[in-house]
Amino acid sequence: MFVDRIKVFAQAGSGGRGSVSFRREKFVPKGGPDGGDGGRGGDIILHADRHTDNLSNLFYEPIIKAKSGGHGMGKKMHGRSAPNKIVKVPVGTIVWPAEHIEHQPIVDLTRDRQEFVLCEGGKGGKGNVHFKSSTNRAPREYTEGEEGEQGHFVLELRTIADAGLIGYPNAGKSTLLRKISAARPKVAAYPFTTLHPIIGVIELSEYKRATIADIPGLIEGAHRGVGLGHEFLRHITRCRIFLFVVDVAGSEGRNPIEDVQQLRKELDLYDKRLSERPWFLVANKMDLPEAAENLRALRKQFSKIEIVAISAAKGEGIDELRKKLANWLE
Ligand SMILES: Nc1nc2c(ncn2[C@@H]2O[C@H](COP(=O)(O)OP(=O)(O)OP(=O)(O)O)[C@@H](O)[C@H]2O)c(=O)[nH]1
Ligand SMILES: [Mg+2]
């Protein structure tokens with residue numbers, strides 16, 4: 001299961017209560033106060049982890065709680081501090097307050113191993129040793145531990161990748177990702193084979209790598225939530241460049257030029273800022289009959305846009321695409 005948005009309730013542990021206790025020893029008739037402090041409650045910590053690719057662990061545990069600290073004890077003994085509760089989330093997780101999502105995020109976890117204390121555990125209370133004074137030698141005062149912080153939050157994943165693949169269903173985006181990276185998205189001859197974003201890592205040179213996100217195919221009306229498009233467009237909002245993948249052979253009876261225009265429009269309607277980002281064309285399915293002719297028309301129509309012709313299925317043009325990608329990402 002792929003979960004990229006979830007509401008959770010988080011509650012850190014409370015501090016333990018301070019203790020009221022008096023020394024009792026043989027030959028020490030009136031031992032003074034010796035009640036120790038309570039221990040700290042556990043924090044709730046979000047930990048960005050690059051091996052975690054979605055938020056499904058929270059689907060099964062939408063209520064996150066850390067344990068409370070132990071109470072203080074006699075002989076000035078402190079209560080035990082509760083362990084922090086560490087929750088692994090994918091890199092690219094944004095945390096919103098549940099009341100107003102998409103306003104001001106609480107945190108954006110963009111780096112691997114980045115940590116954030118979502119809810120702080122309460123401090124332990126003070127034991128009666130702290131309340132001894134010249135006028136009160138046998139204090140019965142203590143304080144309760146502080147309550148742990150708590151709140152409702154929405155966690156949302158916005159995939160982080162250098163480049164995003166955008167295209168109609170069946171254009172061959174996943175086939176391309178399989179050829180160019182070690183990622184293994186499913187490929188099939190029916191639309192919406194890809195149901196959630198998948199990231200592939202591409203070796204550009206010996207030292208350089210790039211990440212590419214394959215998202216479910218877009219169709220007309222995607223910005224309004226038709227198909228799977230809208231749900232997943234936010235996963236490309238962080239890409240630096242976009243690769244529009246088209247079936248240049250028009251093998252499903254569509255026109256590649258219209259496809260590109262429609263995809264551009266959907267992106268623009270979704271978020272104007274995205275349509276201003278650098279983009280390139282990948283003309284796929286060059287192995288099919290109509291492709292060469294359509295490619296000429298495509299080049300004419302989009303003369304200012306760089307176009308790389310490939311056959312993802314046959315693995316043709318992949319090396320050139322890899323080289324171009326390195327340039328585009330410079
Ligand atoms: N002839 C030919 N067929 C291809 C090529 N690339 C992909 N295909 C086929 O096109 C179909 C769709 O490929 P996918 O890679 O699943 O397409 P997609 O864009 O990921 O589709 P969705 O996940 O549904 O959006 C499959 O049957 C592929 O085998 C190509 O270069 N040439
Ligand atoms: Mg796919």
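On a predicted model such as this, the values are computed, not experimentally measured, just so you know.

### Concerning the overall build of the protein
For the protein, the helix and strand inventory stands at seven helices and 14 strands. Taken against the 2.2 N^0.38 rule, which gives 20 Å for 330 residues, the C-alpha radius of gyration of the protein at 29 Å runs more than 25% over that of a compact globule. Taken across its 330 residues, the protein has 50% of its residues classed as buried. The long-range fraction of contacts in the protein, counting pairs at least 24 apart against all pairs at least 6 apart in sequence, stands at 72%. Of the roughly 17,200 Å² that the protein leaves accessible, carbon and sulfur atoms contribute 49%. Averaging the locations of the 50 positively and 42 negatively charged side chains of the protein gives two centres separated by 7 Å.

### Details of the sheet that holds strand E14 (residues 307–309)
Each strand in a sheet pairs with another by means of backbone hydrogen bonds, the pair being arranged parallel or else antiparallel. Taken together, six strands build an open sheet; the order of strands is E10-E11-E9-E12-E13-E14 and the sheet is mixed. Since the sheet does not close on itself, it has two edges, and those belong to strand E10 (198–203) and E14, each with one partner. For this sheet, the mean inter-axis angle between neighbouring strands, taken without regard to orientation, is 25 degrees. In this structure, strand E9 (residues 163–167) lies alongside strand E11 (residues 209–214), joined through three bridges in parallel fashion. When the bridges of E11 are listed, Leu-165 appears paired with Asp-214. Set on the sheet, helix H6 (residues 291–301) makes contact with strand E12 (241–247), strand E13 (279–284) and E14; between it and E14 the angle comes to about 170 degrees.

### Some points on the site of ligand 1
Near ligand 1 lie 24 residues; those nearest to it are Lys-173, Ser-174, Thr-175, Phe-192 and Asp-287. In the model, an oxygen atom of ligand 1 is placed 2.9 Å from a nitrogen or oxygen of the Asn-170 main chain. One of the backbone N or O atoms of Ala-312 is found 3.0 Å from an oxygen atom in ligand 1. When ligand 1 sits alone it has 660 Å² of accessible area, and the protein chains cover 87% of it. With three residues, the single largest contributor to the shell around ligand 1 is helix H2 (residues 173–180).

### Overview of the packing of H2 against helix H7 (residues 318–328)
Viewed as axis vectors pointing N to C, H2 and H7 meet at an angle of 85 degrees, and their least axial separation amounts to 11 Å. In terms of orientation, H2 and H7 fall into the roughly perpendicular class. Side by side, H2 and H7 meet where Leu-176, Lys-179 and Ile-180 of the first sit next to Ile-318, Leu-321 and Arg-322 of the second. Class assignment for the residues of the contact of H2 with H7 results in four nonpolar, no polar and two charged.

### Digging into the pairing of strand E5 (residues 93–97)
Most of E5 is tucked away, with five of its five residues classed as buried. Side chains Thr-93, Val-95 and Pro-97 of E5 all project onto a buried face; the interleaved residues Ile-94 and Trp-96 project onto the opposite face, where all are buried too. Direction of pairing for E5 relative to strand E6 (residues 107–109): antiparallel, over a ladder of three bridges. If you follow Val-95 over to E6, its bridge partner there is Val-107. Sheet topology places E5 next to strand E8 (residues 150–157); five bridges connect them, and they run antiparallel. Residue Val-95 lies in a different strand from E8, and its bridge partner there is Leu-155.

### Some thoughts on the packing of aromatic side chains
Across all of its chains, the model carries four aromatic pairs by this definition. Considering the side-chain rings of Phe-59 and Tyr-60, the 5.4 Å spacing of their centres and the 85 degrees angle between planes classify their relative orientation as edge-to-face. Classification of Phe-59 by relative accessible area gives partly exposed; the value is 45%. Exposure remark for Tyr-60: the relative accessible area of 62% places this residue in the exposed category. Where Phe-244 meets Trp-279, the ring centres are 5.2 Å apart and the plane angle is 70 degrees; that geometry is what we call edge-to-face. Highlighted residues: Phe-244 in strand E12 and Trp-279 in strand E13, separated in sequence by 35 residues. Each of the two residues, Phe-244 as well as Trp-279, counts as buried. Counting every residue linked through ring pairs, the aromatic cluster contains Phe-244, Trp-279 and Phe-302.

### Some remarks on the environment of Pro-97
Among the structural elements, Pro-97 can be located in strand E5. Take Pro-97: its relative accessible area is 14%, and that puts it in the buried class. Not counting chain neighbours up to four residues away, the residues in contact with Pro-97 comprise Gln-104, Ile-106 and His-152.

Thresholds applied
Residues take numbers from 1 onward in each chain, read along the sequence in its written order. Labels are handed out in written order, letters beginning with A for the chains and numbers beginning with 1 for the ligands. Selection of residues for local features in this predicted model requires a pLDDT of at least 70, selection of side-chain atom pairs for listing and counting requires 80 or more, and totals for whole chains, interfaces and linings are taken over all residues. Neither water nor hydrogens contribute to the side-chain values; these are computed over all heavy atoms in the structure. Strands here mean DSSP runs of E at least two residues long; helices mean DSSP runs of H or I at least four residues long; both are numbered from the N terminus. Throughout, radius of gyration means the C-alpha value; the globule benchmark is 2.2 Å times the number of residues raised to the power 0.38. Partly exposed describes any residue whose relative accessible area lies between the buried limit of under 20% and the exposed limit of over 50%, with all areas from a 1.4 Å probe on protein chains only and scaled to the type maximum. In this description, contact between two residues means that some pair of their heavy atoms is separated by no more than 4.5 Å. Per-residue and other accessible areas were derived by the Shrake-Rupley procedure at a 1.4 Å probe size, with only the shown protein chains allowed to occlude residues. Counted as positive: Lys and Arg. Counted as negative: Asp and Glu. His and the chain ends are not counted at all. Where a charge lies is defined by one atom per residue type, namely NZ (Lys), CZ (Arg), CG (Asp) and CD (Glu). Two strands are said to pair when DSSP picks up at least two bridges between them. Only the contacting stretch of a helix is used when fitting its axis, a line to C-alpha atoms as for every element, and angles between N-to-C directions run 0 to 180 degrees. Definition of nearness: a residue and a molecule or strand are near each other if at least one heavy atom of the residue lies within 4 Å of the molecule or strand. Polar contacts, as used here, are pairs of N or O atoms within 3.5 Å; protein pairs need one atom able to donate a hydrogen and one able to accept it. Residues neighboring in sequence count only if both atoms are side-chain atoms. An angle below 35 degrees is treated as roughly parallel, one above 145 as roughly antiparallel, one from 65 to 115 as roughly perpendicular, and anything else as oblique. Residue type decides the class: Asp, Glu, Lys and Arg count as charged, Ala, Val, Leu, Ile, Met, Phe, Trp, Tyr, Cys and Pro as nonpolar, and the leftover types, Gly among them, as polar. Stacked, edge-to-face and tilted are the three classes for Phe, Tyr and Trp ring pairs, Trp counted by its six-membered ring, which pair at centre distances within 6.5 Å; planes under 30 degrees apart are stacked, over 60 edge-to-face, the rest tilted.

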